[in-house]
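An overview of the molecular structure
Here is how the chains run, residue by residue.
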Amino acid sequence: MDSVKKLTWLNYFICLIGFVAEIVFAFKLDPHENSIFIFLIVWGTLPLITLLLFLLKTPRLLYSMSRSLIQTSAVVGFGIIYKINSIYIHPDPRGAIALATIPIIQIIGALFIGLVIKITTQKHYRAIASQEEQNES
């Protein structure tokens with residue numbers, strides 16, 4: 001298996017870990033109604049859906065996929081660490097507000113990092129194209 005496929009599968013695996021963590025966190029909060037349980041899972045997985053959309057649009061090149069791995073790791077890692085802190089380490093009533101805002105912060109982070117990756121990737125490939133053009137001349 002080549003390195004691009006490995007990076008792609010690693011990105012998907014990190015998203016899967018994030019999804020499983022959201023289910024675990026929803027069970028830990030133990031909502032009394034199924035609709036609240038489903039809402040917690042859907043709300044928590046919105047950043048993961050954003051990441052999956054980025055992964056689908058990312059060109060299957062080593063440079064792009066390695067940058068996407070940074071994005072996926074940062075967004076999923078931040079969410080898991082912050083939710084562990086809010087649920088297990090420092091539980092309090094204001095933690096519910098934190099749990100409601102974490103996906104918003106994750107989505108903003110995913111979009112910002114994705115934009116930075118897009119710009120750096122374009123600069124990288126423009127530099128490669130200009131070098132090839134100079135070499136041909």
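The structure contained in this document is the topic of the report that follows.

The rules behind these values
Residues numbered from 1 in each chain as written. Predicted model: local features only at pLDDT ≥ 70, side-chain atom pairs only at ≥ 80, totals over all residues. Heavy atoms only, no water. Helix = DSSP H or I, 4+ residues; strand = E, 2+ residues; numbered from the N terminus. Rg over C-alpha atoms; globule rule 2.2 N^0.38 Å. Buried < 20%, exposed > 50% of the residue type's maximum accessible area, 1.4 Å probe, protein only. Contact = heavy atoms within 4.5 Å. Areas by Shrake-Rupley, 256 points an atom, 1.4 Å probe, with all protein chains shown as cover. Core = buried A, V, L, I, M, F, W, Y, C linked by side-chain atoms within 4.5 Å. Salt bridge = Lys/Arg side-chain N within 4 Å of Asp/Glu carboxyl O. Axes fitted to C-alpha atoms, helices over the stretch in contact; angles between N-to-C directions. Parallel < 35°, antiparallel > 145°, perpendicular 65-115°, else oblique. Nonpolar A, V, L, I, M, F, W, Y, C, P; charged D, E, K, R; others polar.

Turning next to the overall build of the protein chain. A tally of regular secondary structure across the protein chain gives 4 helices and 0 strands. Secondary structure elements in the protein chain, listed N-terminal to C-terminal, are α-α-α-α. Since a compact globule built from 137 residues should have a radius of gyration of about 14 Å, the 18 Å found for the protein chain marks it as more spread out than a globular shape. Summarising its shape, the C-alpha atoms of the protein chain cover approximately 70 × 30 × 25 Å along the three principal directions. Looking at the protein chain residue by residue over its 137 residues, the buried ones come to 32%. If you take every contact in the protein chain between residues at least 6 apart in sequence, the share linking residues at least 24 apart comes to 73%. Put simply, the protein chain shows about 8,900 Å² of open surface, and 70% of that area lies on carbon and sulfur atoms.

Residues Val 4, Leu 7, Ile 14, Cys 15, Leu 48, Leu 51, Leu 55, Met 65, Leu 69, Val 75, Val 76 and Ala 110 constitute the largest nonpolar core, which totals 12 residues. Listed by contribution, the elements that provide at least two residues to this core are helix H1 (3-29), helix H2 (34-57) and helix H3 (62-89). Apart from residues lying up to four places away in sequence, Val 4 is in contact with Arg 60, Leu 61, Leu 62 and Met 65. Counting 5 residues, the second largest nonpolar core, distinct from the first, contains Ala 21, Phe 25, Leu 99 and Ile 102.

As a further point, take the pattern of salt bridges. A complete count under the given rule lists 1 salt bridge for this structure. The salt bridge partner of Lys 83 is Glu 22, with a shortest N-O separation of 2.6 Å. Placement of Lys 83 in helix H3 and of Glu 22 in helix H1 is noted, with a sequence separation of 61 residues between them. Residue classification places Lys 83 among the buried residues on the basis of a relative accessible area of 4%. For Glu 22, a relative accessible area of 7% gives the class buried.

Moving on to the packing of H1 against H2. Put simply, H1 and H2 touch, their axes get as near as 9 Å, and they point 170 degrees apart. Taken together, the axis directions place H1 and H2 in an arrangement best described as roughly antiparallel. Here Asn 11, Tyr 12, Cys 15, Gly 18, Phe 19, Glu 22, Ile 23, Ala 26, Phe 27 and Leu 29 of H1 come into contact with H2, specifically with Phe 37, Leu 40, Ile 41, Gly 44, Thr 45, Leu 48, Leu 51, Leu 52, Leu 55 and Leu 56. Among the residues making up the contact of H1 with H2, the classes are represented as 15 nonpolar, 4 polar and 1 charged.

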